[in-house]
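# Commentary on secondary and tertiary structure
One letter stands for each residue in the lines below.
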Amino acid sequence: MGAKIVLDGADALVFTVTGKHLNDLQRTILREAWQRRTYRDIAQGLRYTEGHIKDVAAHLWQVLSQALDERVTKGNCWSVLERRLGSPVVSGSFPVPPVPGTNGLTQPEGPGVPIPLAETISPLLGRQGAIAQLQTLVAQGHRGIVIQGEGGIGKTTLAQQFLATHPCDRVLELLMAKETANITPAEQVVEEWLRQDFQVEPGRDFGVTLGRLKRQLGDRPVGILIDNLEPALDSQGRFWPQYSRYGDLLRVLCDPRGQAVTLPTSRDRLCEPGISVTHYRLPGLDLAAWQTFFAHQAIAMAPATLAAMHQAYGGNAKAMHILSSAIANDFGGEGDAYWQENGDDPLVAWDLKNLVASQLQRLQHLDPVAYQVLCRLGVYRYQDVPRIPREAVAALMVDLAPDRPRQVITSLRNRSLLEGKQGRYWLHPVVQAAALAHLRQQPGAEGLAHQQAAQFWTQSVPTLTCRSDALQGLEAYYHHWAIADYGGAAAVLLHSRPNQWGQHLTLGSSLYRLGLLQPVLTTIPPLLPHLPVDERASELRNILADGAWISGQIHTAITLQQEARAIALDGLTQLPTTADPHTVYRLKMLAVDALLSLGLYHLDLWELDQAADFFQRVRATAEGSPHQSWADKAALGLALVYSYGDQREQAAALAARAYDFLAAGTPPEHAGRFAFFIQLLGQTYANLGQGQRAETLYGRAIAFAQESHYLQVEAKAQVGLGELARHRHQGAAALAYFDQAIARLTELAAPGDLGEAYFQRGLTHQIQGHREAAAKDFAAAINHFTAIEAPKQVAKVQHCAP
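Residues numbered from 1 in each chain as written. Predicted model: local features only at pLDDT ≥ 70, side-chain atom pairs only at ≥ 80, totals over all residues. Heavy atoms only, no water.

Next up on the list: the pattern of salt bridges. Scanning all chains against the criterion turns up 34 salt bridges. A salt bridge links R195 to E201, with the nearest nitrogen and oxygen atoms 3.3 Å apart. Between R744 and E714 there is a salt bridge; the shortest N-O distance is 3.5 Å. You can see R744 sitting in helix 34 (residues 731-748) and its partner E714 sitting in helix 33 (residues 711-727), a full 30 residues away along the chain. (Salt bridge = Lys/Arg side-chain N within 4 Å of Asp/Glu carboxyl O. Helix = DSSP H or I, 4+ residues; strand = E, 2+ residues; numbered from the N terminus.)

Right, dumping it as structure tokens:
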């Protein structure tokens, strides 16, 4: 017989006294005592406090002393056990036990070689803050603390570890049955506690029995764990009538005047009147804890993958273990490979589905309205708009219980299904996936929920003044797209709203003006094949073309604008003579706007003759018509083209007309709508040698752009200011402007404008004699212009480069 027999014998002795087996910590303390390690070394290895290890050990020696009727200490425990059990221990033969908190997994050590405890994973991994919070609550006098959270978050482990660290005379544990019908009556629980743990006979009346328990708790510090409380609670968080005596029991256990500390764990909030409890909402483990755990499991994973996985499961401790097992067993420890295959389905493993399945079934039984709302909440994306307002929840209830949004939100939050902070709410991805899966089991329910959500997002944004407004309005698109409502999706992108400049811009146009290019480039192309070739198709191509232009796809933009113009002109030819005047106006507007845009595109390609031709066509078409403002903009573009050549007098005349219009003809509160053209006019005056007027225009453009978050205009105006500073021999100021512009344009991912910014900075370095810096900037400019297929721009740079 060896050490294992002795350890098992000690376990049997403890069981005879307490009715409980040695836990992992007690077995580890015994093993470390045999190796003659100090309490401090044991504590450091297990990442506990030295005081806690001493407390647990003292209780263990006390129990063994009682069982053997002989004083047992750390120093003599093994000699006493060997003698009394008749089993000498051979040095070095002690078995390697499973590491506490790792589900029995150990590193592949050889037989008889103990695992270095400093490398083990503690049950308290990532929970030191939670332990400290519980300690603070107890120190403040709280005797009943409900640890609340979703399934698998680690509530039971935290409660057990806290009670193991708390100075208790003994710990009482009650595991509630998962099914309400199988819950043990409170009377039976109290009777067993009195007999087995206090050696006291219960009374015939439950009140008397509770009185005896109260006296026992008043004499000594006791820790009580009541695990999985929610099956005993009804839809209001109160005890079911048949288990009402649990309420009486908790009133005794949580009495502030007693010494006991009671930790019920529950997914649901306890709302029983007259019970003095505090709720502690347990958060998920932080990313650092997940990183430590997966590293200990020798699972390879990129930081971005781990972060995405951690976010998807909200730091859930059980999910962490389940994922670790799946990655190790099915993907050879390659976390990236696992996530690449399964990242779009957080419920791919049945164990993960079970984390929330039972909770949703319970909600369906107790609160059908809240269950239905939760299912519908699964249609929200929680991505670009990660948290939704209360009104978004209410929007899904108009056909259920429109007067109950607060109650439903409270019900879902009390059950740890809906997260919330400062009046905004969200679902963790696992809960969202489960909710959506339940919704799809109900015929027609998903379509209704998406329609309700889309309507809410559209109505929630009356004006567009910032990025968050645009992203919030765009959410409606994804709901229409999810149910193949392509007309509805197009309507979202083409929905016009006022802004602070007196404009009514479509959502699509506002997106790229606010620097949100990717939503434009990703939402419109898949939509176009599903729409008829009509006014909507023309306008969407017009918007997509501008997005492509800014992102450097100028030739694609040219093709799109040509298509948009052709569709608009074709639509005009097919209109009846009795057509709605507004429709006629819009189709003509799309046709003339396409010409103006084509002029701007060729200007950026440095194809000045083609640009001038398109601007002249706009003037010929729109002059003196309801589309006069397009003629004014085209005149301004033409002035800029002329200012680059030998038609400076014509440029000056056109610029003066445009300046008078912008400075005097346009109300100041509406001037911001022309911010792009104001900076173009600034370029024109800079070319004409009127630096002061150019500087004023650039300043106005930047002010308007910053107020409306028009990043492209702000950056282009900064490039203009840099040029002016260079001409004034203010090299440092010029470089500062170019640096700011390059940073903005890099954020925007606008290669054409970046090419110009690098070119102008290169010229500045060249004048200052910074040859190496100039060469780098010229090379960068050439690279950007080459990327957008602008050979004339490349030639312009090469002409100036040394």
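What follows picks up the thread again.
Turning our attention to the side chain of R415. The residue R415 is located in the loop between helix 18 (405-414) and strand 7 (419-421) in this model. Polar contacts involving the side chain of R415 include one to the main-chain carbonyl oxygen of S235, which spans 2.9 Å. One polar contact links R415 to S411, side chain to side chain, over a distance of 2.7 Å. If near-sequence neighbours (up to four positions away) are discounted, R415 is found in contact with Q148, D234, S235, Q236, R267, D268, Q359, L363 and L366. (Polar contact = N/O pair within 3.5 Å; in protein donor to acceptor, adjacent residues only side chain to side chain. Contact = heavy atoms within 4.5 Å.)

Working definition: the strands of a sheet are paired by backbone hydrogen bonds and lie parallel or antiparallel to each other. One open sheet accounts for 5 strands, arranged 2-3-4-1-5; its pairing is parallel. The outermost strands of the open sheet, each flanked by one partner alone, are strand 2 (170-175) and strand 5 (278-281). Taking each pair of neighbouring strands and ignoring which way they run, the sheet shows an average axis angle of 20°. Here strand 1 (residues 145-148) pairs with strand 5 via 4 bridges, running parallel. Residue Q148 lies in a different strand from strand 5, and its bridge partner there is R281. (Pairing = 2+ DSSP bridges. Axes fitted to C-alpha atoms, helices over the stretch in contact; angles between N-to-C directions.)

Glancing now at the environment of E789. Within the secondary structure layout, E789 lies in the loop between helix 36 (771-787) and helix 37 (791-800). Judged by its relative accessible area of 52%, E789 falls in the exposed class. With 234 residues separating them along the chain, E789 and H555 place their C-alpha atoms 7.9 Å apart. Leaving out residues up to four positions away in the same chain, E789 has contacts with H555 and L605. (Buried < 20%, exposed > 50% of the residue type's maximum accessible area, 1.4 Å probe, protein only.)

Grouped burial of nonpolar side chains is what soluble globular proteins tend to show. One finds F294, M309, Y313, L377 and Y380 to be the most contacted residues of the largest nonpolar core, which totals 180 residues. It is helix 27 (residues 581-604) that contributes the most residues to this core, 11 residues altogether. When neighbours within four sequence positions are excluded, Y313 is seen to be in contact with W290, A319, L323, W339, P346, L352 and V430. (Core = buried A, V, L, I, M, F, W, Y, C linked by side-chain atoms within 4.5 Å.)

We now examine the packing of aromatic side chains. Tallied over the entire structure, the rule returns 17 aromatic pairs. Ring geometry for W290 and F294: centres 5.7 Å apart, planes at 55°, overall tilted. In this pair, W290 and F294 are both assigned in helix 11 (residues 287-296), 4 residues apart and thus about one turn of the helix distant. On the basis of relative accessible area, W290 is assigned to the buried category, the value being 0%. Through successive ring pairs, a cluster of aromatic residues spans Y380, Y382, F456 and W457. (Phe/Tyr/Trp six-rings, centres within 6.5 Å; stacked < 30°, edge-to-face > 60°.)

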